[in-house]
Amino acid sequence: MPSRSDITHFGAGPASLPTDVLEEAAKALLDYNATGLGIAEHSHRSPLAADIINQAKADLATCLDIPDDYEILFMQGGGTVYDSGQFSAAVYNFVGAWVARKHKEVFGDTQGDPADHPELIQQLKQAVDNDLRIDYLVTGSWSQKASAEGERLLGSKHINIAADARKTNGGKFGTIPDESNWKLSKDAAFVYFCDNETVDGVEFPGFPKSLEPGPDGNGPVVVADMSSNILTRKIPVRKFSAIFFGAQKNLGLTGVTVVVIRKSFLPPIISQPSVALMRHLALPIPPVIFQYETIAKNNSLYNTLSIFDVYVAGRVLKKLLQTYNPNKVEAQQAVTDKKAQLIYDAIEAFPEVYKIIPNAAVRSRVNICFRVTKGGEVDAAEKAFLQESTAQGLTGLKGHRSLGGMHSQNVS
Ligand SMILES: Cc1ncc(COP(=O)(O)O)c(C=O)c1O
């Protein structure tokens, strides 16, 4: 029977957590801070819960240099939809923001029930029909799923696949198309990309040049899924309108998703359009629980949030800050880069045995996807590799069911 210390776990998510954090969390489950009550038994509305949320927000902001004009939200989903929840939430909220902006352009200061202004409504409807687009950069299975969700909610005419990596790579993921080939819309509600494609082992090397804001600071509305590479490198937060990530890979336990959103997309600057207006425009009405403004207004406590999940994320962040003070995420980045280099070097030293799947220029530093090809019998070689690696305490190396091969999350 192996013990924790015998195992090096490479599973992408849920991923392994620091043992001392789990030990502390186990104690807190029974009795939090000598209150005689476990942390998961305290009210989510208690001052103690508010402290845990506020501290985790502050520490995340410190780790990632999140500016004050960004809000941090802890949100929930369920089962396999934590981020899939965000695939939908991004659509609802940023389409809502786009409609709010167009409404202002068309209605000006005209107030009252939209039904009282049929001509203006008609004009707005035309703007929606002609111009409402979401741009997706499809570089792997997670951005593909996000684009499918956008299409399900809005219909294909509003979805622009600005780039699809499979089109230039023989039908398979593994590259990022050259930016000169991206077909971005003029005024997209948002441009979406997945910074690190967990399943396909593809990571954006940096912020895309064509999405850079102009000298006036204005640029496209950019939303990114950073579920699998958050806290592994410094992020130019100001270039994003929103970033989201499930906690279960690099931050904590399954059960909570973090959204970092620019406050200019929240009241009082932008409010989501009324239900009546969205019905007139035949656009989807967001479930209240997915409305960023509702979650922000309630400091993430619109409904019962798992404070235990936020607590564990908070302990991981504290540990990161204590370990790497004062360099914060830059120091974690150096560790991540080094680990990735070691693994890629080891794999590349044996080209007759291993084959790395993605293109070298866009290889992920956190999910290393490779095949074991020794002797040409890939299935048998991979089975043997997994058996041998498990026997040596290296677990969670099996690739995603959709891709096969090996796959490792090397951040902890
Ligand atoms: C990059 C990325 N986005 C989204 C998801 C979806 O997460 P969930 O299964 O919690 O919906 C994953 C899960 O592995 C992921 O790696």
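Just so you know, these numbers come straight off a predicted model, no measurement behind them. (Residues numbered from 1 in each chain as written. Predicted model: local features only at pLDDT ≥ 70, side-chain atom pairs only at ≥ 80, totals over all residues. Heavy atoms only, no water.)

## Regarding helix α9 (residues 328-348)
Think of an α-helix as 3.6 residues a turn; residues three or four steps apart then line up on the same face. Helix length check: α9 (21 residues) gives 31 Å between terminal C-alpha atoms against 30 Å at 1.5 Å per residue, within 8%. Along α9, the residues classified as buried are Lys328, Val329, Ala331, Gln332, Thr336, Ala340, Tyr344 and Ile347. Along its buried surface, α9 packs onto α2 (47-64), α8 (307-324), β11 (354-356) and β12 (367-372). (Helix = DSSP H or I, 4+ residues; strand = E, 2+ residues; numbered from the N terminus. Expected span 1.5 Å × (residues − 1). Buried < 20%, exposed > 50% of the residue type's maximum accessible area, 1.4 Å probe, protein only. Contact = heavy atoms within 4.5 Å.)

## Considerations on the packing of aromatic side chains
What the rule picks out here adds up to 18 aromatic pairs. Each ring, one from Tyr192 and one from Phe244, has its centre 6.3 Å from the other, and the planes form 35°; the classification is tilted. Of the two residues, Tyr192 sits in strand β5 (residues 190-194) while Phe244 sits in strand β9 (residues 242-246), which places them 52 residues apart along the sequence. The exposure class assigned to Tyr192 is buried, which follows from its relative accessible area of 1%. With a centroid separation of 6.4 Å and an interplanar angle of 20°, the aromatic rings of Phe308 and Tyr311 are classed as stacked. Note that Phe308 and Tyr311 are positioned in helix α8 at a spacing of three residues, about one turn of the helix. Among the aromatic residues, those joined into a ring-pair cluster are Phe87, Phe94, Tyr136, Trp142, Phe190, Tyr192, Phe244, Phe265 and Tyr292. Its guanidinium or amino end placed over the ring of Trp142, Lys145 lies 4.5 Å from that ring's centre, counting from NZ or CZ. Here the basic side chain of Arg363 rests over the ring of Tyr344, its NZ or CZ set 4.8 Å away from the ring centre. (Phe/Tyr/Trp six-rings, centres within 6.5 Å; stacked < 30°, edge-to-face > 60°. Lys NZ or Arg CZ within 6 Å of the ring centre and 35° of its normal.)

## Let's talk about the sheet that holds strand β4 (residues 159-164)
Strand order across the open sheet formed by seven strands is β2-β10-β9-β8-β5-β3-β4, with mixed pairing between neighbours. Unpaired on one side and paired on the other, β2 (70-75) and β4 mark the two borders of the sheet. Strand-to-strand twist in this sheet, taken as the mean axis angle between neighbours without regard to direction, amounts to 20°. Sheet topology places strand β3 (residues 134-138) next to β4; five bridges connect them, and they run parallel. Each bridged residue has a counterpart across the sheet, and for Asp135 the counterpart in β4 is Asn160. Packed onto the sheet, helix α5 (residues 141-154) meets β3, β4, β5 and β8 (222-225) and runs at close to 155° relative to β3. (Pairing = 2+ DSSP bridges. Axes fitted to C-alpha atoms, helices over the stretch in contact; angles between N-to-C directions.)

## Topic: the domain arrangement of the chain
What the domain assignment reports for the chain is domain 1 (52-309) and domain 2 (328-409). Distance from the C-alpha centre of domain 1 to the C-alpha centre of domain 2: 31 Å. Across the contact, 23 residues belong to domain 1 and 21 residues belong to domain 2. Area buried by domain 1 at its contact with domain 2 is led by Val199, Glu203 and Thr232, which between them contribute 28% of it. On the surface where domain 1 and domain 2 come into contact, there are three salt bridges. (Domains from an automatic or database assignment. Buried area = accessible area lost by both parts, 1.4 Å probe. Salt bridge = Lys/Arg side-chain N within 4 Å of Asp/Glu carboxyl O.)

## Considerations on the pattern of salt bridges
This model, assessed by the stated rule, comprises 22 salt bridges. Of the charged contacts, one joins Arg152 and Glu149 as a salt bridge, the two residues approaching to 2.9 Å between their closest N and O atoms. Within this pair, Arg152 and its partner Glu149 are both found in helix α5, separated by three residues, close to a single helical turn. On the basis of relative accessible area, Glu149 is assigned to the buried category, the value being 14%. Through salt bridges that share partners, Asp195, Glu203, Arg233, Asp337 and Arg365 make up one connected network.

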